[in-house]
Amino acid sequence: MYRPLFIKWQDKNNTGIEIIDEQHRGIVSIINSFYFLIEKSVNDKALCISISETIKKYSHIHFLSEERLLKAAKYPDIEKHIAIHRSLTKETERIEHAAINDNDPMLLLQFMKKWWLEHINDQDMLYAPCLREYEKNADD
Ligand SMILES: [Fe+2]
(Lines give C-alpha, C1' and ligand atoms only; values in the text may rest on other atoms or scores of the structure.)
Protein backbone atom coordinates (compact mmCIF):
# COMPACT_ATOMS: atom_id res chain seq x y z
CA MET A 1 0.00 0.00 0.00
CA TYR A 2 1.62 3.21 -1.16
CA ARG A 3 0.75 6.60 0.25
CA PRO A 4 2.99 9.56 -0.55
CA LEU A 5 4.20 11.61 2.41
CA PHE A 6 1.74 14.30 3.46
CA ILE A 7 4.59 16.68 4.21
CA LYS A 8 7.92 16.29 2.49
CA TRP A 9 10.79 17.78 4.47
CA GLN A 10 12.95 20.09 2.39
CA ASP A 11 16.37 21.67 2.96
CA LYS A 12 14.76 25.11 3.01
CA ASN A 13 12.87 24.06 6.17
CA ASN A 14 16.14 23.75 8.14
CA THR A 15 17.00 26.55 10.54
CA GLY A 16 20.58 25.31 10.96
CA ILE A 17 20.05 24.77 14.69
CA GLU A 18 20.45 21.04 15.20
CA ILE A 19 18.02 20.35 18.05
CA ILE A 20 15.34 22.61 16.56
CA ASP A 21 15.57 20.95 13.14
CA GLU A 22 15.51 17.54 14.82
CA GLN A 23 12.33 18.43 16.70
CA HIS A 24 10.69 20.04 13.67
CA ARG A 25 11.32 16.85 11.71
CA GLY A 26 9.85 14.95 14.65
CA ILE A 27 6.63 16.95 14.43
CA VAL A 28 6.47 16.42 10.67
CA SER A 29 7.11 12.71 11.22
CA ILE A 30 4.20 12.45 13.68
CA ILE A 31 1.86 14.26 11.27
CA ASN A 32 2.99 12.02 8.38
CA SER A 33 2.55 8.88 10.48
CA PHE A 34 -1.04 9.76 11.31
CA TYR A 35 -1.76 10.70 7.71
CA PHE A 36 -0.57 7.25 6.63
CA LEU A 37 -3.12 5.65 8.98
CA ILE A 38 -6.08 7.59 7.66
CA GLU A 39 -7.82 6.02 4.73
CA LYS A 40 -9.85 8.34 2.54
CA SER A 41 -13.25 7.33 3.84
CA VAL A 42 -12.43 6.47 7.44
CA ASN A 43 -13.81 8.83 10.06
CA ASP A 44 -12.31 7.95 13.38
CA LYS A 45 -12.92 9.80 16.64
CA ALA A 46 -10.23 7.86 18.56
CA LEU A 47 -7.69 8.75 15.90
CA CYS A 48 -8.64 12.45 16.15
CA ILE A 49 -8.01 12.39 19.89
CA SER A 50 -4.78 10.45 19.49
CA ILE A 51 -3.44 12.87 16.84
CA SER A 52 -4.32 15.85 18.92
CA GLU A 53 -2.88 14.52 22.19
CA THR A 54 0.37 13.33 20.60
CA ILE A 55 1.01 16.54 18.71
CA LYS A 56 0.08 18.71 21.69
CA LYS A 57 2.48 16.85 23.99
CA TYR A 58 5.35 16.92 21.54
CA SER A 59 4.69 20.57 20.59
CA HIS A 60 4.85 21.46 24.27
CA ILE A 61 8.31 19.89 24.60
CA HIS A 62 9.40 21.61 21.41
CA PHE A 63 8.09 25.05 22.42
CA LEU A 64 9.81 24.80 25.81
CA SER A 65 13.10 23.87 24.11
CA GLU A 66 12.83 26.68 21.60
CA GLU A 67 11.88 29.27 24.23
CA ARG A 68 14.74 28.18 26.49
CA LEU A 69 17.21 28.66 23.64
CA LEU A 70 15.70 32.03 22.65
CA LYS A 71 16.04 33.22 26.24
CA ALA A 72 19.65 32.05 26.50
CA ALA A 73 20.49 33.78 23.21
CA LYS A 74 18.65 36.95 24.33
CA TYR A 75 16.55 36.99 21.17
CA PRO A 76 14.97 40.47 21.11
CA ASP A 77 11.54 39.35 19.82
CA ILE A 78 11.15 36.46 22.26
CA GLU A 79 7.85 37.70 23.73
CA LYS A 80 6.26 37.94 20.30
CA HIS A 81 7.45 34.44 19.45
CA ILE A 82 6.15 32.99 22.71
CA ALA A 83 2.77 34.65 22.06
CA ILE A 84 2.60 32.89 18.67
CA HIS A 85 3.26 29.55 20.39
CA ARG A 86 0.49 30.23 22.90
CA SER A 87 -1.94 31.13 20.14
CA LEU A 88 -1.20 27.83 18.35
CA THR A 89 -1.99 25.92 21.53
CA LYS A 90 -5.37 27.70 21.75
CA GLU A 91 -6.13 27.33 18.05
CA THR A 92 -5.27 23.62 18.20
CA GLU A 93 -7.88 23.15 20.93
CA ARG A 94 -10.50 24.84 18.75
CA ILE A 95 -9.68 22.72 15.68
CA GLU A 96 -9.41 19.62 17.86
CA HIS A 97 -12.99 20.07 19.09
CA ALA A 98 -14.23 20.59 15.54
CA ALA A 99 -12.32 17.51 14.29
CA ILE A 100 -13.64 15.33 17.11
CA ASN A 101 -17.22 16.58 16.68
CA ASP A 102 -17.11 15.91 12.95
CA ASN A 103 -15.00 12.70 13.25
CA ASP A 104 -12.68 14.30 10.76
CA PRO A 105 -8.98 13.68 11.50
CA MET A 106 -7.96 15.31 8.21
CA LEU A 107 -9.25 18.65 9.49
CA LEU A 108 -6.64 18.48 12.22
CA LEU A 109 -3.86 17.23 9.94
CA GLN A 110 -4.52 19.92 7.30
CA PHE A 111 -4.41 22.58 10.01
CA MET A 112 -1.18 21.16 11.47
CA LYS A 113 0.49 20.96 8.07
CA LYS A 114 -0.32 24.55 7.20
CA TRP A 115 0.48 25.97 10.64
CA TRP A 116 3.80 24.18 11.12
CA LEU A 117 5.18 24.86 7.66
CA GLU A 118 4.26 28.54 7.88
CA HIS A 119 5.65 28.83 11.41
CA ILE A 120 8.92 27.10 10.58
CA ASN A 121 9.49 28.91 7.29
CA ASP A 122 8.37 32.38 8.39
CA GLN A 123 8.58 32.85 12.18
CA ASP A 124 11.35 30.42 13.13
CA MET A 125 13.61 31.64 10.32
CA LEU A 126 13.52 35.10 11.95
CA TYR A 127 15.35 33.88 15.06
CA ALA A 128 17.65 31.44 13.20
CA PRO A 129 20.57 33.90 12.64
CA CYS A 130 20.46 34.94 16.32
CA LEU A 131 20.53 31.33 17.56
CA ARG A 132 23.20 30.27 15.09
CA GLU A 133 25.38 33.14 16.32
CA TYR A 134 24.70 32.17 19.93
CA GLU A 135 25.63 28.54 19.28
CA LYS A 136 28.78 29.55 17.40
CA ASN A 137 29.98 31.68 20.31
CA ALA A 138 29.06 28.98 22.83
CA ASP A 139 31.32 26.56 20.90
CA ASP A 140 34.35 28.87 21.14
FE1 LIG B 1 8.59 28.59 17.08
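Structure: see above.
Residues numbered from 1 in each chain as written. Predicted model: local features only at pLDDT ≥ 70, side-chain atom pairs only at ≥ 80, totals over all residues. Heavy atoms only, no water.

Trainee: For this particular structure, what's the right way to read the pattern of salt bridges?
Mentor: Side-chain pairs of opposite charge can arise whenever the charged atoms involved come near each other. Tallying each qualifying case throughout the model produces 8 salt bridges. With its nearest N and O atoms 3.1 Å apart, the salt bridge here joins E118 to K114. One end of the pair is E118 and the other is K114, both in helix α4 (residues 105–139) and 4 residues apart, which spans about a single turn. Judged by its relative accessible area of 40%, E118 falls in the partly exposed class. (Salt bridge = Lys/Arg side-chain N within 4 Å of Asp/Glu carboxyl O. Helix = DSSP H or I, 4+ residues; strand = E, 2+ residues; numbered from the N terminus. Buried < 20%, exposed > 50% of the residue type's maximum accessible area, 1.4 Å probe, protein only.)

Trainee: I keep staring at the nonpolar core and nothing clicks. Help me out?
Mentor: In a soluble, globular protein the nonpolar side chains are often hidden away together inside. Formed by 25 residues in total, the largest nonpolar core has its most connected members in I31, I51, I55, L109, M112 and W116. Of the residues forming this core, the biggest block, 7 residues, is contributed by α4. Not counting residues up to four positions away in its chain, the partners in contact with L109 are F6, I31, F34, Y35, I38 and I51. Among the nonpolar cores identified, the runner-up in size contains 11 residues, and L69, Y75, Y127 and A128 belong to it. (Core = buried A, V, L, I, M, F, W, Y, C linked by side-chain atoms within 4.5 Å. Contact = heavy atoms within 4.5 Å.)

Trainee: Just to check I follow, could you spell out the coordination of the iron ion for this structure?
Mentor: When a metal holds four donors in a tetrahedron, each ideal angle between them is 109.5 degrees; when it holds six in an octahedron, the ideal angles are 90 or 180 degrees. The iron ion binds to the protein through E66 (OE), H81 (NE2), H85 (NE2), H119 (NE2) and D124 (OD), with metal-donor distances spanning 2.0 to 2.5 Å. For the iron ion, the single-chain donor residues occur in sequence as E-x14-H-x3-H-x33-H-x4-D. Placement of the pair is H85 in helix α3 (residues 78–101) and H119 in helix α4, with a sequence separation of 34 residues. (Donors = N, O, S within 2.8 Å, 3.2 Å for Na, K, Ca; no water.)

Trainee: I keep staring at the environment of Y127 and nothing clicks. Help me out?
Mentor: One can find Y127 in helix α4. If we skip the residues at most four places from it in the chain, Y127 touches I17, I20, H24, E66, L70, Y75 and H81. A distance of 2.9 Å separates the side chain of Y127 from the side chain of E66, its partner in a polar contact. (Polar contact = N/O pair within 3.5 Å; in protein donor to acceptor, adjacent residues only side chain to side chain.)

Trainee: Can you walk me through unusual backbone geometry in this structure?
Mentor: It is generally the case that most residues other than glycine have a negative phi and that most peptide bonds are trans. Even without being glycine, K74 reaches a positive phi, approximately 55°. The residue K74 is located in the loop between α2 (45–72) and α3 in this model. Classification of K74 as exposed rests on a relative accessible area of 69%.

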